[in-house]
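In case you want the letters, here they are:
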There are 2 protein chains.
Amino acid sequence: MSRGPMQLECPIPDRGRDRIEMAHGGGGRAMRELISGLFRRHFDSPHLAAETDAAVLPVAGSRVAFTTDTYVVQPLFFAGADIGKLAVCGTVNDLATSGAVPRYLSCGFILEEGLEREVLERVVRSMAETAREAGVAIVTGDTKVVERSRGDGLYVNTAGVGDVPPGVELGPAQLQPGDQVLVTGDIGRHGVAVMAARDSLFGFDADVQSDCAPLAGLVRQLVESGVGLRCLRDLTRGGLGAALHELAEHRCLGLVVDERSVPVLDPVQGACELLGLDPMFVANEGRMLVVTAADDADQALELLRAHPDGAGAARIGEVVTTHPGSVTVTGLLGTDRVLDLPLGEQLPRIC
Amino acid sequence: MSRGPMQLECPIPDRGRDRIEMAHGGGGRAMRELISGLFRRHFDSPHLAAETDAAVLPVAGSRVAFTTDTYVVQPLFFAGADIGKLAVCGTVNDLATSGAVPRYLSCGFILEEGLEREVLERVVRSMAETAREAGVAIVTGDTKVVERSRGDGLYVNTAGVGDVPPGVELGPAQLQPGDQVLVTGDIGRHGVAVMAARDSLFGFDADVQSDCAPLAGLVRQLVESGVGLRCLRDLTRGGLGAALHELAEHRCLGLVVDERSVPVLDPVQGACELLGLDPMFVANEGRMLVVTAADDADQALELLRAHPDGAGAARIGEVVTTHPGSVTVTGLLGTDRVLDLPLGEQLPRIC
């Protein structure tokens, strides 16, 4: 592979905190500093993928996509999904957005002593169902048990392998000025659904289901349509805002986004206002950014809207050469602002 | 793939405990019951690998090996290795013993809030060094942070991808009566080294270094030599004893092993006696079983002994058709016994 998705062309300084803080896991600046200041420094490889990406690798003459994520969401079950469905969708979506056809998953459990077997069984059943829906097979796994209060019920890691069809080249390195930025549906539902399930913490109840869904089918349709795709990016930790930042920083191109065209459901907007959150940075688990060549945006939108997982797709912005490395947002009142990347996730353990 | 390494031909009944116990993570009967009674039931796939194996998968016309393990060893550092070295060796060795050339690793961290950054850096540095030694690249990763007392410093998952060269077919399905069973060196060092590092628990100090080592080079030499290899198996959780059981159960062939020929260092033997442990079931992280065709055992032994990681190799047993599904051991006093698989690991969190 000639493209190196890991090379941040606008490096972020490492702030060198002495101890790990919750923010280091939040998908914001603290996490990216840890990645650039520690992991990238030691794990130096031309194939190293960005943290939300799959690596695309040469294996025996083919291109194999490979990715991993660990899931520590709390609580384990919430409206619309659970840690098992999440663990399958998250990894399937990282493969799919790299342009790969997801094929196989591994799963590694860390179980806390005393966990009810019934809880584990519900999670495993959910993983199996979601894997079938996504067209992947769970082929290898591992189970560890830790003492009480050394875990939190269960954590699960999934890694995934897929193959990238010949000719498919997706990634931030493909971005060109004038490219159009689409989002596949309304944002913020996953984060709000998890927060609502923590009712004992917040005392609020939002009638919102997580958007958690495997996007392999939607991506396959897009790729096979021949539409001019540049880059796909799922909108997990850090939400739409973090994904926009990542694209802008990677190529030192700028992005302009019209917030008024970003779909947000009313109950999500309401919950965010109640909790003091910005929906732009709330996690999604079944939404992605789609960057297309300027002339292909309409066709891509049409394709997206014809699919259940893209029915609410919208065009939200454009790639520009002004203000390289940053994202400018036209806000709800029509005024422009630079979109800052928060230090961490607005709420921890959302995935 | 026609062979199905996951199909236990002598099924183990699921005991259906209501809650997860430490024994479920120990590599003994409890863990295998959980795997057969829960994971295999839901994750039904012809490619599903046994828990200590890599799955060997068709990807774009090639055979790709894929495996995962999560590491929760406590303490994080001990004589001869640490959780980082362990996490690389364990996954590299699972790939290598499946006959694959290990190529790429993922890593997923679960960090406990408050972990010293210096500790994380030591672990990451150790992973990077071991990966270089093993000839693999760490290409993708993920970091999650959990609140204090929801973790234990750090946990790390690695998954690994390799390619299986054409013609290589290793696994318990290849076993034939008369095959010879070799071990690549003295056993029990890893488990004893970890126990010694828990001195506050046991108040004993053994001058024993973990055997933790990547076995990719040794395996490659064996495979390329053309010697008649049937099966390789690394001797991690559950040790030599669990690996022997797994082979015997898989094919419903029997194994006879002469315990007097199994190498055990004096300080390991002494520590095991002190702690009431059987070295046959103590974990190793740089040792494997090698099963060869009867006529090729001498050549295999010679090859093993010429390599630093196999210098202490010994022939310890044979595959037989009597007592199918079980392992008979000739003990140190010359009397035979059936080797029982313990319920769990003799000590938890050894890897």
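Right above here is the structure, for reference.
Residues numbered from 1 in each chain as written. Chains lettered and ligands numbered in written order. Predicted model: local features only at pLDDT ≥ 70, side-chain atom pairs only at ≥ 80, totals over all residues. Heavy atoms only, no water.

**Q** Can you explain the sheet that holds strand E5 (residues 101-112) of chain B? Please cite residues and give values.
**A** All names here are of chain B. Here five strands make up an open sheet; going across it, the order is E1-E2-E7-E5-E6 and the pairing mixed. One side of each edge strand has no neighbouring strand; the edge strands of this open sheet are strand E1 (55-59) and strand E6 (137-146). Strand-to-strand, the axes of this sheet are offset by a mean angle of 20 degrees, without reference to chain direction. Note: E1 against strand E2 (residues 62-71), five bridges, orientation antiparallel. (Pairing = 2+ DSSP bridges. Helix = DSSP H or I, 4+ residues; strand = E, 2+ residues; numbered from the N terminus. Axes fitted to C-alpha atoms, helices over the stretch in contact; angles between N-to-C directions.)

**Q** Can you explain the packing of aromatic side chains? Please cite residues and give values.
**A** For the coordinates displayed, the defined rule picks out five aromatic pairs over all chains. A centroid spacing of 6.2 Å and a plane angle of 85 degrees characterise the contact between phenylalanine 66 of chain A and phenylalanine 66 of chain B, whose relative ring orientation is edge-to-face. Of this pair, phenylalanine 66 of chain A sits in strand E2 (residues 62-71) while phenylalanine 66 of chain B sits in strand E2, each in a different chain. Comparing phenylalanine 66 of chain A with phenylalanine 66 of chain B, the two get one shared label, buried. Considering the side-chain rings of phenylalanine 109 of chain A and phenylalanine 39 of chain B, the 5.1 Å spacing of their centres and the 20 degrees angle between planes classify their relative orientation as stacked. Residue phenylalanine 109 of chain A is located in strand E5 (residues 101-112), and its partner phenylalanine 39 of chain B is located in helix H1 (residues 29-42); the two belong to separate chains. Taking the relative accessible area as the measure of exposure, phenylalanine 109 of chain A reaches 1% and is therefore buried. By the ring-pair criterion, three or more aromatic residues cluster together here, those being Phe39 and Phe43 of chain A together with Phe109 of chain B. We note arginine 122 of chain A situated over the ring of phenylalanine 77 of chain A; from NZ or CZ to the ring centre the distance is 3.7 Å. (Phe/Tyr/Trp six-rings, centres within 6.5 Å; stacked < 30°, edge-to-face > 60°. Buried < 20%, exposed > 50% of the residue type's maximum accessible area, 1.4 Å probe, protein only. Lys NZ or Arg CZ within 6 Å of the ring centre and 35° of its normal.)

**Q** Account for the sheet that holds strand E14 (residues 336-338) of chain A, naming residues and giving values.
**A** Residues and elements named next belong to chain A. Taken together, seven strands build an open sheet; the order of strands is E9-E11-E8-E12-E10-E13-E14 and the sheet is mixed. Single-partner strands in this sheet number two, and they are strand E9 (229-234) and E14. Taking each pair of neighbouring strands and ignoring which way they run, the sheet shows an average axis angle of 25 degrees. Bridge count between strand E8 (residues 180-183) and strand E12 (residues 314-320): four bridges; the pairing is antiparallel.

**Q** Kindly report on the interface of chain B and chain A, identifying the contributing residues and their values.
**A** Residue-level contacts link 82 residues of chain B with 82 residues of chain A. Interface area for chain B against chain A, summed over the two sides, is near 7,100 Å², with a carbon-plus-sulfur share of 63%. Broken down residue by residue, the surface that chain B buries against chain A is led by Ile20, Phe43 and Arg117 of chain B, which jointly contribute 11%. Counting across the interface, chain B meets chain A through 12 salt bridges. (Contact = heavy atoms within 4.5 Å. Buried area = accessible area lost by both parts, 1.4 Å probe. Salt bridge = Lys/Arg side-chain N within 4 Å of Asp/Glu carboxyl O.)

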